[in-house]
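These are the residues of each chain, in order.
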Amino acid sequence: MSNRAANFVEQWVSENAVKPLEGAPGGDNSEARLRAEACLIAAKAEGMAREDIEEETGDLVAYMGAVIATLVNHPEREAPSTEDIREDLIRTKAFFIWLDEGCPEGRADAHWQMATELVATEEPR
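Residues numbered from 1 in each chain as written. Predicted model: local features only at pLDDT ≥ 70, side-chain atom pairs only at ≥ 80, totals over all residues. Heavy atoms only, no water.

So, on to the overall build of the chain. Secondary structure assignment for the chain yields 6 helices and 0 strands. Secondary structure of the chain in N-to-C order comes out as α-α-α-α-α-α. Looking at the chain alone, contacts between residues at least 24 apart form 64% of all its contacts between residues at least 6 apart. On the chain, roughly 7900 Å² of surface is accessible, and the fraction owed to carbon and sulfur atoms is 52%. (Helix = DSSP H or I, 4+ residues; strand = E, 2+ residues; numbered from the N terminus. Contact = heavy atoms within 4.5 Å. Areas by Shrake-Rupley, 256 points an atom, 1.4 Å probe, with all protein chains shown as cover.)

In C-alpha cells:
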C-alpha cells in the first residue's frame, strides 16, 4: 500500500501544485492546508487512508508547504522533483532535531546526517 500512496501523492502534486500568487502573505500556510485537504479528498476517492498518505509524506501540510516553497524558489519548474522535496524534508527534520537538542552550535552536519537517515527509513523501498 505504501508504494501506491507514494505514487498517488507524487502524481497528485504534479497535477495540482500551483505557485502562490505574487504578494501572498509570507508564512501563511493556508495554501498548503488547502492543497493537503484536496489531496486527501482525492486519495479517499481512490480508497487510500490519510494514514497511508502521511506514512509516506509525514505531515501532509508541511509536505505541501515544501512543494509550494520549491515552486516559489524555482518558478521555471511546473512541479518540484522528488529529490527537491526530499531535500526540503531533510532540512525540516534537521531543523526540528536542532530544536529538540536545545539549538546547539556547530552540530549542523550531525543534524543533517540524522535527518537524512530518518528520511531514508521513511522512504518506500
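Next comes the rest of the write-up.
Looking now at the side chain of aspartate 88. When you line up the elements, aspartate 88 lands in helix α5 (residues 82-100). By relative accessible area, aspartate 88 is classed as buried at 17%. Those residues within four positions of aspartate 88 in sequence are excluded, and the remaining contacts are Ala66 and Thr70. (Buried < 20%, exposed > 50% of the residue type's maximum accessible area, 1.4 Å probe, protein only.)

Turning our attention to the packing of α5 against helix α6 (residues 108-122). α6 packs onto α5 with a crossing angle of 125 degrees between their chain directions and a minimal axis gap of 8 Å. In this view, α5 runs oblique relative to α6, as classed from their interaxial angle. Seen from above, α5 lies across α6 with right-handed handedness. Side by side, α5 and α6 meet where Arg86, Glu87, Leu89, Ile90, Arg91, Lys93, Ala94, Ile97 and Trp98 of the first sit next to His111, Trp112, Met114, Ala115, Thr116, Leu118, Val119 and Glu122 of the second. Grouping the amino acids of the contact of α5 with α6 by side-chain chemistry returns 10 nonpolar, 2 polar and 5 charged. (Axes fitted to C-alpha atoms, helices over the stretch in contact; angles between N-to-C directions. Parallel < 35°, antiparallel > 145°, perpendicular 65-115°, else oblique. Left-handed = near helix turned anticlockwise from the far one by under 90°. Nonpolar A, V, L, I, M, F, W, Y, C, P; charged D, E, K, R; others polar.)

Looking now at the nonpolar core. Generally speaking, a soluble globular protein has its nonpolar side chains buried in company with each other. Of all hydrophobic cores here, the largest spans 26 residues; its most connected members are Phe8, Ile53, Leu60, Tyr63 and Met64. Secondary-structure elements contributing two or more residues to this core are α1 (2-16), α2 (30-45), α4 (60-73), α5 and α6. Among the elements that line this core, the one with the most residues is α4, at 7 residues. Aside from chain neighbours lying at most four places away, what touches methionine 64 is Trp12, Val13, Ala32, Arg35, Ala36 and Cys39. (Core = buried A, V, L, I, M, F, W, Y, C linked by side-chain atoms within 4.5 Å.)

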